[in-house]
Amino acid sequence: MSQLDIVGKSFPQIAAREKATGETKFVTDLVLPRMLCGQVLRSPYPHAKIISIDTAKAAALPGVKAVVTFQDTPKIKFGPRSEDWTIFASDKTRFHGDEVAAVAAVDADIAEQALELIRVEYKELPYIISPLDAMKQGAPLVHEDKPGNIGAEFKVEAGDVDRAMDDSYVVYEDHFYTNQVYQAYMEPMSALADVDLSGRVSIWTGTQIPNMMRMTYAKALGMSPDNLRIVVPEYGGAFGGKMENNIHLIAAVLAQKSGRPVKLVNTRHDDFLAGNPRVPMHFDIKIGATQDGILTAKDVKVVGAAGARLVYSQVIVATACYRVDSLYRLKNVRAKGYTVYTNSVPTACFRGFGNSQSTFVLESALDELAIQLKIDPAELRIKNGMGSNETSVHGWKIGSSGLRECVTKASKAANWSQKKNNKTPFKGIGLACCNHVSGNRPFAREFDGGSGIVRVGKDGRITVFHGESDMGQGQNTTFAQIVAERLGVTMDMVNVAQVDTDISPFGLGSFATRGTLMGGNGVLAAAKDAYDQMADIAADMLNTKAADVACRKAMFFSKSSSETKISFQDIASEATIRHHGAPIVGTGFYKPPTELPDPDTKKGNISPAYPFGCQIAEVEVDPDTGQVSVTNFVAAHDVGRAINPMATVGQIQGGIAQGLGWTLMENMAYEDGKMINADFVDYIVPSCFDIPDIKAILVEPIEPNGPYGAKGIGEPALNPTMAAITNAIYDATGVRIKELPVNPQKLLAQIQKLGKHVKE
Amino acid sequence: MKHVRIHLVVNGEDYSLFITPNRVLLDVLREDLELTGTKEGCGLGKCGACTVLLDGRPVHACLTLALQADGCQITTIEGIGEKEVHPLQEAFIDKGAIQCGFCTPGMINTAKALLDANANPSEDEIKQAIAGNLCRCTGYNKIVDAIHSCGCQSEKEKGEVR
């Protein structure tokens with residue numbers, strides 16, 4: 001590849017200056033004339049029959065412009081995957097926080113008073129929170145038409161698991177649990193909705209999936225998708241959490257009823273109660289290996305709690321069943337997954353998408369195998385790790401794999417061998433690896449690629465349109481770099497448009513670590529198209545052929561005689577003049593070489609590229625309290641090529657911080673069926689003191705399918721963190737953590753039960 | 001509720017406001033003065049996104065009644081850089097300390113108060129100062145680095161980011 005001017009260099013986010021000066025208008029900052037404040041009345045019970053709702057007093061309060069319940073909606077069942085949602089609860093509420101009614105008023109105080117005036121008569125019903133209890137016979141049903149509370153089942157099997165297990169030298173078998181945690185993006189979910197005179201609805205909201213959301217919401221609102229417009233301003237983080245959610249639809253219904261714009265911003269409490277946190281999962285794992293440490297077979301059962309409606313949990317449980325199988329050269333695998341309805345908040349996507357849960361389990365199990373076999377855990381990973389140009393048990397074609405390099409580089413940087421062998425009481429070091437995807441073929445059935453539009457105005461200003469979503473991770477900057485590189489211009493010439501479904505391409509969005517590869521390849525194709533159009537004009541003006549034309553630093557020149565140069569702006573101006581005002585518009589798309597998995601065998605290459613990583617944590621455990629602190633952290637990640645190394649390192653450090661919070665601090669707790677720590681007072685996320693220095697190492701094997709060789713990094717940044725920390729806790733104390741988060745009292749009790757410290 | 005008259009000096013400009021006494025400074029700044037750079041992350045003083053400087057001290061605007069700020073000097077993120085971008089803002093930009101940017105205004109205000117009081121803080125002093133400002137994107141490493149780079153006198157100590 002020729003020399004790169006822009007790609008591979010660290011640029012600040014293109015929006016960083018606005019963000020640093022407070023100029024950025026986030027969703028919660030938006031204001032429209034005559035805008036009303038929306039607020040939602042939520043169920044105080046985990047499961048209750050609605051006997052009656054009286055909204056008369058609320059509606060009569062001066063300043064209240066709309067009060068809405070299920071009766072004011074189209075009463076259509078909908079959902080992104082399984083149509084078990086309604087905009088408001090109809091006959092009964094199914095979780096503490098379920099939407100019952102909403103108001104729109106001229107200010108927040110009046111809206112709050114109005115909510116207090118709504119009289120709802122409930123009859124409490126028996127509830128279930130644990131998915132294991134929910135599966136038992138006689139358990140209360142969350143949805144009457146779902147016997148056993150089973151929302152979905154998934155199974156996959158390849159090879160001969162039983163035989164391979166029998167033939168194994170060692171077999172490890174255990175039960176693990178990963179808990180429910182909250183994304184805790186800093187800007188709560190919010191929406192601004194407006195309806196025009198024709199009835200067309202516009203929603204401004206922070207969403208990872210503007211176009212798919214539009215399709216789901218059009219159905220919910222009983223309208224044609226072309227009557228719905230989604231605009232995505234800058235928004236404050238998502239981490240998987242900002243997909244479909246009823247509050248957007250409630251804002252729309254309130255705007256329809258009041259005839260005025262309505263902004264609805266979740267309080268932090270409401271965001272905890274009715275966001276879409278991580279799917280909690282129970283795992284039974286059985287895994288075998290030969291005496292040499294070659295993995296022979298893996299068998300898992302996964303039970304995940306969907307909460308009161310299926311959002312994406314069934315796909316997440318499926319992912320937990322089998323994605324991690326392509327981390328190692330496993331041949332014999334079997335998994336059974338159950339997604340179970342419970343009377344708790346609907347769970348969905350959170351960085352890792354099930355693979356983080358199963359990576360915790362698999363990498364804990366590998367630590368056990370390494371101990372039983374007396375093999376260095378790093379060596380065990382290197383022995384089994386998937387390499388470049390290999391095909392996994394599920395038919396995944398691994399183009400490039402930097403897994404082994406990640407293990408060796410992380411080990412070296414962390415001084416692994418020395419620290420692993422140097423035993424100090426209550427100090428430990430642990431290692432874990434991960435794989436992931438860069439896009440997931442079956443997530444949206446119709447297609448999985450990316451697309452873009454690159455517009456070059458008469459002044460030479462470039463605007464990139466995409467339909468993905470920058471949730472703060474810096475995707476717009478990455479896209480700007482890719483486009484600037486392809487066009488041969490400087491970064492200050494490239495602008496990235498806000499996603500607006502009226503204008504932007506139909507991008508699938510930002511999930512499955514797909515943005516950089518899918519969206520990046522999409523805007524790259526569009527940039528190539530724009531470039532080719534400009535090169536034709538440049539060739540004409542330079543009296544040469546288009547193939548002889550090049551552009552660098554915004555100057556077109558002939559490669560054979562580089563004496564004459566014409567600026568990019570001049571070519572853009574000439575193009576617009578020749579085309580009587582029409583700008584250059586490049587469009588393009590990327591069709592990945594993927595395949596839908598076979599419905600029975602689940603075999604099929606689901607992603608064009610697979611990122612890998614290895615993380616090493618060092619911990620200290622307080623022998624008096626059981627408190628764990630992470631003292632050092634090294635993370636080596638195969639990112640294909642880092643388009644923007646500073647941003648890539650930022651993703652890694654941020655992912656690890658979230659993984660650390662999950663492992664040691666965070667848990668959404670329930671008592672009497674109600675979430676009891678639904679705010680930042682009682683639900684503590686990491687502060688700067690909890691996060692150690694994180695050394696990030698970028699391993700760049702250059703992925704053939706990636707834009708300039710790039711893969712994704714968002715989710716793999718977190719996937720191995722939990723096991724790296726808990727394996728370090730084992731090294732420090734001899735206690736195997738099988739349940740997240742680590743509970744200091746339990747850990748202390750287990751340490752005392754062991755009697756003698758293993759490292760002493 | 002009876003309205004009261006208050007006077008605020010915000011980013012050097014005088015404001016005379018007629019408000020109900022129950023309103024918090026955050027809402028008055030965001031709604032009445034349209035200074036939306038100050039963010040609400042939790043409403044309970046636990047995330048620091050609403051941090052502004054009240055007579056130079058960092059406070060949670062979500063927990064401060066506007067009435068309490070009567071007669072005080074208030075600096076919001078819009079007033080930090082005055083005409084130029086403040087070196088702290090520049091450092092946050094250049095060091096990659098900003099991802100979604102929702103915590104950034106509060107974080108920069110807290111850091112500004114620290115540097116005004118202590119021109120060359122240690123890493124631990126920086127962490128003490130920003131311990132009440134949550135960031136969910138960056139893992140804090142780059143934020144501490146950015147603040148540290150403003151405090152350090154010597155270029156060499158500023159450290160490189162790739």
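Residues numbered from 1 in each chain as written. Chains lettered and ligands numbered in written order. Predicted model: local features only at pLDDT ≥ 70, side-chain atom pairs only at ≥ 80, totals over all residues. Heavy atoms only, no water.

1. Focus on the packing of aromatic side chains
Residue and element names in this part refer to chain A.
Part 1 of the reasoning: Enumeration according to the criterion identifies 18 aromatic pairs over all chains in this entry.
Part 2 of the reasoning: Note on Tyr312 and Phe443: the rings are 5.3 Å apart at their centroids and 25 degrees apart in plane angle, and the pair reads as stacked. Taken together, the residues span a long stretch of sequence, with Tyr312 in the loop between strand S14 (295-307) and helix H9 (313-322) and Phe443 in the loop between strand S18 (427-435) and strand S19 (450-456) at a distance of 131 residues.
Part 3 of the reasoning: Aromatic rings pair up to connect Tyr182, Tyr185, Phe272, Phe680 and Tyr683 into one cluster. (Phe/Tyr/Trp six-rings, centres within 6.5 Å; stacked < 30°, edge-to-face > 60°. Helix = DSSP H or I, 4+ residues; strand = E, 2+ residues; numbered from the N terminus.)

2. What to know about helix H5 (residues 123-130) of chain B
All names here are of chain B.
Part 1 of the reasoning: Restricting attention to buried positions, one finds in H5 the residues Ile126, Lys127 and Ile130. One face of H5 carries all of its buried residues, which in axial projection span an arc of 95 degrees.
Part 2 of the reasoning: Those residues of H5 hidden inside the fold are in contact with helix H4 (104-117) and helix H6 (141-151). (Buried < 20%, exposed > 50% of the residue type's maximum accessible area, 1.4 Å probe, protein only. Arc of directions from axis to C-beta. Contact = heavy atoms within 4.5 Å.)

3. Looking at the interface of chain A and chain B
Part 1 of the reasoning: In this assembly, 56 residues from chain A lie in contact with 44 residues from chain B.
Part 2 of the reasoning: Where chain A abuts chain B, roughly 4000 Å² becomes buried across the two surfaces, and 59% of that area is made up of carbon and sulfur atoms.
Part 3 of the reasoning: Counting the surface chain A buries against chain B, the share from its top three residues, Met186, Cys688 and Phe689 of chain A, is 18%.
Part 4 of the reasoning: In this assembly, chain A and chain B are joined by four salt bridges.
Part 5 of the reasoning: In this structure, Glu666 of chain A and Arg136 of chain B form a salt bridge, with 2.8 Å as the shortest nitrogen-oxygen distance.
Part 6 of the reasoning: Inspection of the chain A/chain B interface yields 19 residue pairs in polar contact (both at pLDDT 80 or more).
Part 7 of the reasoning: Secondary-structure elements contributing two or more residues to the side of chain A that touches chain B are helix H1 (16-21), helix H17 (645-664) and strand S31 (694-699) of chain A.
Part 8 of the reasoning: With nine residues, H17 of chain A is the single largest residue contributor to the side of chain A that touches chain B.
Part 9 of the reasoning: Taken together, the residues of the side of chain A that touches chain B break down into 27 nonpolar, 17 polar and 12 charged. (Buried area = accessible area lost by both parts, 1.4 Å probe. Salt bridge = Lys/Arg side-chain N within 4 Å of Asp/Glu carboxyl O. Polar contact = N/O pair within 3.5 Å; in protein donor to acceptor, adjacent residues only side chain to side chain. Nonpolar A, V, L, I, M, F, W, Y, C, P; charged D, E, K, R; others polar.)

4. Considerations on the domain arrangement of chain A
Residue and element names in this part refer to chain A.
Part 1 of the reasoning: Here the domain parsing of chain A yields domain 1 (16-24 + 449-590), domain 2 (31-125 + 196-237 + 242-267) and domain 3 (281-441 + 599-754).
Part 2 of the reasoning: Averaged C-alpha coordinates put domain 1 and domain 2 at centres separated by 39 Å.
Part 3 of the reasoning: Taken together, the 20 residues of domain 1 in the interface contact 20 residues of domain 2.
Part 4 of the reasoning: Both sides of the domain 1 and domain 2 interface together cover about 1600 Å² of buried area, and 51% of this is carbon and sulfur.
Part 5 of the reasoning: Interface area lost by domain 1 to domain 2 is led by Met471, Thr501 and Phe506, which between them contribute 34%. (Domains from an automatic or database assignment.)

5. Brief notes about the sheet that holds strand S13 (residues 281-289) of chain A
All names here are of chain A.
Part 1 of the reasoning: Ordered by their spatial adjacency, five strands build an open sheet running S7-S15-S14-S13-S8, and the pairing between neighbours is mixed. Because the sheet does not close on itself, it has two edges, and the strands there are strand S7 (150-158) and strand S8 (170-178). Adjacent strand axes in the sheet meet at a mean angle of 5 degrees, parallel and antiparallel pairs treated alike.
Part 2 of the reasoning: Both S8 and S13 contribute to a ladder of nine bridges, which runs antiparallel. Its bridge partner being in S13, Val171 is matched across the sheet by Gly288.
Part 3 of the reasoning: Sheet contacts for helix H10 (residues 355-373): S8, S13 and S14; angle to S8, the most-contacted strand, approximately 145 degrees. (Pairing = 2+ DSSP bridges. Axes fitted to C-alpha atoms, helices over the stretch in contact; angles between N-to-C directions.)

6. Comments concerning the environment of Lys146 of chain A
All names here are of chain A.
Part 1 of the reasoning: Within the secondary structure layout, Lys146 lies in the loop between helix H4 (131-134) and S7.
Part 2 of the reasoning: The partly exposed category is assigned to Lys146, whose relative accessible area is 23%.
Part 3 of the reasoning: Expressed as a C-alpha distance, the spacing of Lys146 and Arg736, which sit 590 residues apart in the sequence, is 37 Å.
Part 4 of the reasoning: Look past the residues within four positions of Lys146 in its chain and what remains in contact with it is Leu141 and Tyr341.

7. With respect to the packing of helix H3 (residues 87-94) of chain B against H4 of chain B
All names here are of chain B.
Part 1 of the reasoning: Contact pair H3 / H4: the axes reach a minimum separation of 10 Å and the direction vectors enclose 130 degrees. Classified by the angle their axes make, H3 and H4 are oblique. Between H3 and H4 the crossing geometry is right-handed. Between H3 and H4, the residues in contact are Leu88, Gln89 and Phe92 and Thr104, Met107, Ile108, Ala111, Lys112 and Leu115, respectively. (Parallel < 35°, antiparallel > 145°, perpendicular 65-115°, else oblique. Left-handed = near helix turned anticlockwise from the far one by under 90°.)

8. Observations regarding the side chain of Gln475 of chain A
Residues and elements named next belong to chain A.
Part 1 of the reasoning: One can find Gln475 in helix H14 (residues 475-487).
Part 2 of the reasoning: The buried category is assigned to Gln475, whose relative accessible area is 5%.
Part 3 of the reasoning: In contact with Gln475, other than residues within four places in its own chain, are His466, Glu468, Ser469, Asp470, Ser510 and Gly515.

9. Side note on the packing of H10 of chain A against helix H11 (residues 377-384) of chain A
Residues and elements named next belong to chain A.
Part 1 of the reasoning: Relative orientation of the contacting elements H10 and H11 amounts to 110 degrees, with a least axis distance of 9 Å. One finds that H10 runs roughly perpendicular with respect to H11. In this structure, H10 meets H11 at a crossing whose hand is right-handed. For the pair H10 and H11, the contacting residues are Glu363, Leu366, Asp367, Leu369 and Ala370 in the first and Pro377, Leu380 and Arg381 in the second.
Part 2 of the reasoning: Partitioned by chemical class, the residues of the contact of H10 with H11 number five nonpolar, no polar and three charged.

10. Digging into empty space enclosed by the protein
Residues and elements named next belong to chain A.
Part 1 of the reasoning: A complete count under the given rule lists seven cavities of 30 Å³ or more for this structure.
Part 2 of the reasoning: As for the largest cavity, its lining consists of 39 residues, and the residues nearest its centre are Gln473, Thr513, Gln651, Ile713 and Gly714.
Part 3 of the reasoning: At three residues, H17 tops the list of elements feeding residues into the lining of the largest cavity.
Part 4 of the reasoning: Looking at side-chain class alone, the lining of the largest cavity contains 16 nonpolar, 17 polar and six charged residues.
Part 5 of the reasoning: Here the lining of the largest cavity gathers at least three residues from each of two domains, domain 1 (16-24 + 449-590) and domain 3 (281-441 + 599-754).
Part 6 of the reasoning: Here the second largest cavity defines a volume of roughly 110 Å³. (1 Å grid on protein atoms, 1.4 Å probe; cavity = no way out; pocket = protein on both sides within 12 Å on 5 of 7 lines; lining within 4 Å. Points joined across faces, edges and corners; volume = space filled by probe spheres on them.)

11. Section: the environment of Ile694 of chain A
Part 1 of the reasoning: You can see Ile694 of chain A is positioned in strand S31.
Part 2 of the reasoning: For Ile694 of chain A, a relative accessible area of 6% translates into the label buried.
Part 3 of the reasoning: Separated by 27 residues in sequence, Ile694 of chain A and Asn667 of chain A place their C-alpha atoms 23 Å apart.
Part 4 of the reasoning: Setting aside residues up to four positions removed in sequence, Ile694 of chain A forms contacts with Phe633, Gln653 and Ile656 of chain A together with Asn141 of chain B.

12. Comments concerning a nonpolar patch on the surface
Residues and elements named next belong to chain A.
Part 1 of the reasoning: There is a patch of nonpolar side chains on the surface, built from Met215, Phe447 and Phe506 and spanning about 240 Å² of accessible area.
Part 2 of the reasoning: Take Phe506: it is sitting in the loop between strand S22 (499-500) and helix H15 (515-542).
Part 3 of the reasoning: The class of Phe506 is partly exposed, set by a relative accessible area of 33%. (Patch = residues over 30% accessible without salt bridge, like charges linked within 9 Å, V, L, I, M, F, W, Y side chains within 5 Å. Areas by Shrake-Rupley, 256 points an atom, 1.4 Å probe, with all protein chains shown as cover.)

13. Considerations on the environment of Asn521 of chain A
Residue and element names in this part refer to chain A.
Part 1 of the reasoning: Residue position: Asn521 is located in helix H15.
Part 2 of the reasoning: Separated by 186 residues in the primary sequence, Asn521 and Pro707 place their C-alpha atoms 5.2 Å from one another.
Part 3 of the reasoning: Setting aside residues no more than four positions away along its own chain, Asn521 makes contact with Thr516, Tyr590, Asn705, Gly706 and Pro707.

14. Observations regarding a negative patch on the surface
Residue and element names in this part refer to chain A.
Part 1 of the reasoning: On the surface, Asp107, Asp109, Glu112 and Glu116 cluster together into a negatively charged patch.
Part 2 of the reasoning: Mapped onto the elements, Asp109 comes out in helix H3 (residues 108-117).
Part 3 of the reasoning: Judged by its relative accessible area of 42%, Asp109 is partly exposed. (Lys, Arg positive; Asp, Glu negative; His and termini not counted. Charge placed at Lys NZ, Arg CZ, Asp CG, Glu CD.)

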